[in-house]
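# Per-entry structural report
The residues making up each chain are set out below.
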Amino acid sequence: MGRGVFIALEGIDGSGTSSQRTALATALRGRGHEVLETYEPSSGSIGRLARSRLATDAVPLDRRALALLFAADRLDHVATEIEPALATGTVVLSDRYLMSSWVYQALDCDPQWVREINRFAPWPDLTFVLDVGAAEAMRRVAGRAGTEEIYETTPLQERLAAGYAGFARDPSLARVQRIDGSRSMAEVTALLLDACIAAGL
Ligand code: TYD
């Protein structure tokens, strides 16, 4: 059995990574692939701890400590979920991964240090950056239930969008594609599926 393919979905809050994770997984299963849907912060103990400290009403956490939690959660996620699935030939679709730390934690930590603490996280086979304007993305976030989180303000999302845009066109990063996330849900899924098929899935 061949090794699976590791796909990361990235983008600012409200860009649609969670909805597209489910929709793309369904589409890939329809093509006969075994798919593991997963996400970061993960469902593991470190991931749950990180998520609990993202709420605006939580006791604030030092931003470097938060960056370390995301990095620790990632290594745990890779070891316990991602690698074992890839080893059995499963397609792994993660809603957020390494680029989330590069973009979000770079808001208030040294970007080189953020890269360094994530050095052992393997680079995905495919990274899709869902591109949606910050104002539109914040409208989507405001319209859904859930706890308000520390990054969910339009000025911060504008900075995050700029961060993602930079990485999406960085030629030194392998297999990163920008996807127009402002289209309808079904159109975005179709764009993602086309890109997966073009990549050999
Ligand atoms: P998100 O997937 O948006 O969670 P939900 O919409 O279910 O609340 O992720 C939670 C937040 O965590 C989001 O604002 C991005 C942030 N985040 C980081 O800052 N760094 C990371 O490495 C990861 C994985 C997420």
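The structure contained in this document is the topic of the report that follows. Every value quoted in this text rests on a predicted model; they were computed, and no experiment measured them. (Residues numbered from 1 in each chain as written. Predicted model: local features only at pLDDT ≥ 70, side-chain atom pairs only at ≥ 80, totals over all residues. Heavy atoms only, no water.)

## Some details on the overall build of the protein
- Of regular secondary structure, the protein possesses eight helices and five strands.
- Ordered by position in the sequence, the α and β elements of the protein form the string β-α-β-α-α-β-α-α-β-α-α-β-α.
- Across its three principal directions, the C-alpha atoms of the protein cover 45 × 35 × 35 Å.
- Within the protein, the proportion of its 201 residues that are buried is 46%.
- Put simply, of all contacts in the protein between residues at least 6 apart along the chain, 77% involve residues at least 24 apart.
- Put simply, the protein has 21 plus and 26 minus side-chain charges, and the middle of one group is 1 Å from the middle of the other. (Helix = DSSP H or I, 4+ residues; strand = E, 2+ residues; numbered from the N terminus. Buried < 20%, exposed > 50% of the residue type's maximum accessible area, 1.4 Å probe, protein only. Contact = heavy atoms within 4.5 Å. Lys, Arg positive; Asp, Glu negative; His and termini not counted. Charge placed at Lys NZ, Arg CZ, Asp CG, Glu CD.)

## Quick notes on the site of the ligand
- As a structural note, the neighbourhood of the ligand is formed by 15 residues, with D13, R74, S101, Q105 and E149 the closest of them.
- The side chain of R96 places a nitrogen or oxygen atom 3.1 Å from an oxygen atom of the ligand.
- In the model, an oxygen atom of the ligand is placed 2.6 Å from a nitrogen or oxygen of the S101 side chain.
- If the ligand stood free it would expose 550 Å²; the protein chains cover 88% of that surface.
- The dominant element in the shell around the ligand, judged by the number of residues it contributes, is helix α4 (residues 98–104), at three residues.
- Looking at the shell around the ligand residue by residue, the classes come out as five nonpolar, three polar and seven charged. (Near = heavy atom within 4 Å. Polar contact = N/O pair within 3.5 Å; in protein donor to acceptor, adjacent residues only side chain to side chain. Areas by Shrake-Rupley, 256 points an atom, 1.4 Å probe, with all protein chains shown as cover. Nonpolar A, V, L, I, M, F, W, Y, C, P; charged D, E, K, R; others polar.)

## Section: the pattern of salt bridges
- Tallied over the entire structure, the rule returns twelve salt bridges.
- Note that R21 is salt-bridged to E37, the shortest N-O span being 3.3 Å. Remark: E37 occurs in strand β2 (residues 35–39) and R21 occurs in helix α1 (residues 17–30); sequence separation between them is 16 residues.
- A relative accessible area of 15% places R21 in the buried class.
- Of the residues examined, E37 reaches a relative accessible area of 26% and is grouped as partly exposed.
- Among the salt bridges present, the one from R140 reaches E136, with a minimum N-O distance of 3.2 Å. Linking R140 with E136, this pair stays in helix α6 (residues 134–142), spanning four residues, or about one helical turn.
- Through salt bridges with shared partners, a single ionic network connects R21, R29, E37 and D95. (Salt bridge = Lys/Arg side-chain N within 4 Å of Asp/Glu carboxyl O.)

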